[in-house]
Number of protein chains: 2
Amino acid sequence: MTRRHEEIADELRRAIGDGSYPVGAALPSESELAAAHGVSRGTLRQAFGTLQSEGLIGSRQGARRVVLAATPSQSFTELRSFAQWARAGGRTPGGRVLSAHRGKATDAEAAQLQLAPGDEVLHVLRIRTLDGDPVLLERTVYAGWCAEAVEALPDDCESVTQSLYDAVGLVMSHGEHHLDAVPAGTVDARELSVRRGSPLLRVRRTTTTAEGRPVETSDDRYRPGTVVFTVRNSVQANPLARTTPDH
Amino acid sequence: MTRRHEEIADELRRAIGDGSYPVGAALPSESELAAAHGVSRGTLRQAFGTLQSEGLIGSRQGARRVVLAATPSQSFTELRSFAQWARAGGRTPGGRVLSAHRGKATDAEAAQLQLAPGDEVLHVLRIRTLDGDPVLLERTVYAGWCAEAVEALPDDCESVTQSLYDAVGLVMSHGEHHLDAVPAGTVDARELSVRRGSPLLRVRRTTTTAEGRPVETSDDRYRPGTVVFTVRNSVQANPLARTTPDH
DNA sequence: GCATGCCACCTGTCTGGACAAGCCATCGTC
DNA sequence: GACGATGGCTTGTCCAGACAGGTGGCATGC
């Protein structure tokens, strides 16, 4: 670790987490901390910026920074894979492929994956478990160019994201998630052990590489009660919203 | 607007939005743009940072920045009030208070609002509309210390967040949202014009001031089909996730 | 006692410079 | 033609300094 601003952010995160700076307390000023760590104010501001984007601290011009929360939220903002997310919460993730077959992309799929209509894609239906209980049914469409790598994975692959990274260096670095609620269909009901028509949380997502190349698009349905999505945010985290609310 | 970095971010956002830089295209280098705008590289990086946190562009050391998406996501990350969010999407927000009464905080409510059990709180049941259609039923609990300000608001107040800011300078600057799916209850069904038991997207949220003082906690239920929550994210947006995924 | 004005302090913004690390097209070699 | 090395360009990181504008506490005056 040679990046000073990350070191400092880590240290502050730890100090906040262990209660050295309780929620509501004011942090030392930039100049003090910069001097204490032997870095310039700019580097320290970079570290503060990281914590701010995590929702741990808030700031106002003129006043000292304030601790808003003790632990970073385990939210989308980290774009975790299901497996990473599960383990971060101390649960054991599992999974199994129910079906996988190649086919031609529909117009909608092609548009989302930036392919030509009719290009080959890979459809995968996968059930995901947490401590053995089914919680999530994934209907994923992979772009043809990464189908082979996905097919090579074992049926009970624990973390697809991790495995694709290990196998072919593919990094899912960007995603867009749409959330709504839908009634369980016949397949949903059977696989998730719920009654047909009962509410499911649906997350439609498209994941792309760092270059903006779409990798997969998926319709994920979560059984309620077992998984709750958490989003923590603050006006400070986004410069867009920092201004006074407009009329 | 005297902040150069915001001006530049706005300009770039517009250029990306109108297709001057299509999705997938590379942007000019920092040095070029800095020279073109007559600012230092630092200021330009600040503007780029804003766009990056919005998910519009991505970057890798050594390569030019790339356009990832054409429109900023209207997501939680901005912690918009319902009214602001609606208007940003070109819709007309509305609303009406169905009932409001003071009461004693339950243990759960007290914990979430950081009050003592039994302290006075204000319960408000509010329906929210978009272009006249009911889309959201809010069950909100306000801490006693801001009850008066809330009661003073008109029944059909369009933006509670805005009004509280105008009236008493209260700024909702931080929030935590929990999302899941629930079946519609009797009241939900009647007010949102759906069948009982049909799926609703539930968002339980707690909002606090910049100092971390909880203002309200709410159970919001959205009628599906009309509102979709969108979260866009990238590993770049959050330094926590920038490292290689761990096993 | 209370309001007011002042002032030290702190954060936000911006500059101009420097070096490290990564990317990629070009060139030369095999 | 395929392959590998090179070097220019670009982004990431960091520094030292400057000024503007907001905050909050203290002292003054009513």
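Structural data are supplied above this passage.
Residues numbered from 1 in each chain as written. Chains lettered and ligands numbered in written order. Predicted model: local features only at pLDDT ≥ 70, side-chain atom pairs only at ≥ 80, totals over all residues. Heavy atoms only, no water.

Student: Can you help me understand the overall build of chain A in this one?
Tutor: A tally of helices and strands in chain A yields eight helices and nine strands. Within chain A, the proportion of its 247 residues that are buried is 53%. Restricting to contacts in chain A with at least 6 residues of sequence separation, those with at least 24 account for 58%. Total accessible area on chain A is roughly 11100 Å²; 48% of this is exposed by carbon and sulfur atoms. (Helix = DSSP H or I, 4+ residues; strand = E, 2+ residues; numbered from the N terminus. Buried < 20%, exposed > 50% of the residue type's maximum accessible area, 1.4 Å probe, protein only. Contact = heavy atoms within 4.5 Å. Areas by Shrake-Rupley, 256 points an atom, 1.4 Å probe, with all protein chains shown as cover.)

Student: Help me out: how do you make sense of the protein's contact with DNA strand C in this one?
Tutor: Within the structure, DNA strand C sits among 27 residues, and A:R41, A:R64, B:R4, B:S40 and B:T43 are positioned closest to it. In the interface set of DNA strand C, defined as its atoms within 4 Å of the protein, sugar plus phosphate atoms amount to 72%. Take B:R4: an N or O atom from its main chain is 2.5 Å from a phosphate oxygen of DNA strand C. With three residues, the single largest contributor to the surface near DNA strand C is helix α3 (residues 41-53) of chain B. (Near = heavy atom within 4 Å. Polar contact = N/O pair within 3.5 Å; in protein donor to acceptor, adjacent residues only side chain to side chain.)

Student: Hey, could you run me through the pattern of salt bridges in this one?
Tutor: Close approach of charged atoms lets side chains of opposite charge pair. The final tally for this structure, using the stated rule, is 40 salt bridges over all chains. With its nearest N and O atoms 2.8 Å apart, the salt bridge here joins B:R64 to B:E32. Of this pair, B:R64 sits in the loop between β1 (57-58) and β2 (66-67) while B:E32 sits in helix α2 (residues 30-37), placing them 32 residues apart in sequence. You can call B:R64 partly exposed: its relative accessible area is 44%. A residue is classified by how much of its surface remains accessible, and B:E32, at 42% relative accessible area, is partly exposed. The network of salt bridges with common partners includes A:R139, A:D180, A:D188, A:R202, A:R204, A:D219 and A:R221. (Salt bridge = Lys/Arg side-chain N within 4 Å of Asp/Glu carboxyl O.)

Student: Would you mind going over the side chain of A:S218 with me for this structure?
Tutor: Structurally, A:S218 can be placed in strand β8 (residues 214-222). A distance of 3.3 Å separates the side chain of A:S218 from the backbone oxygen of A:R139, its partner in a polar contact.

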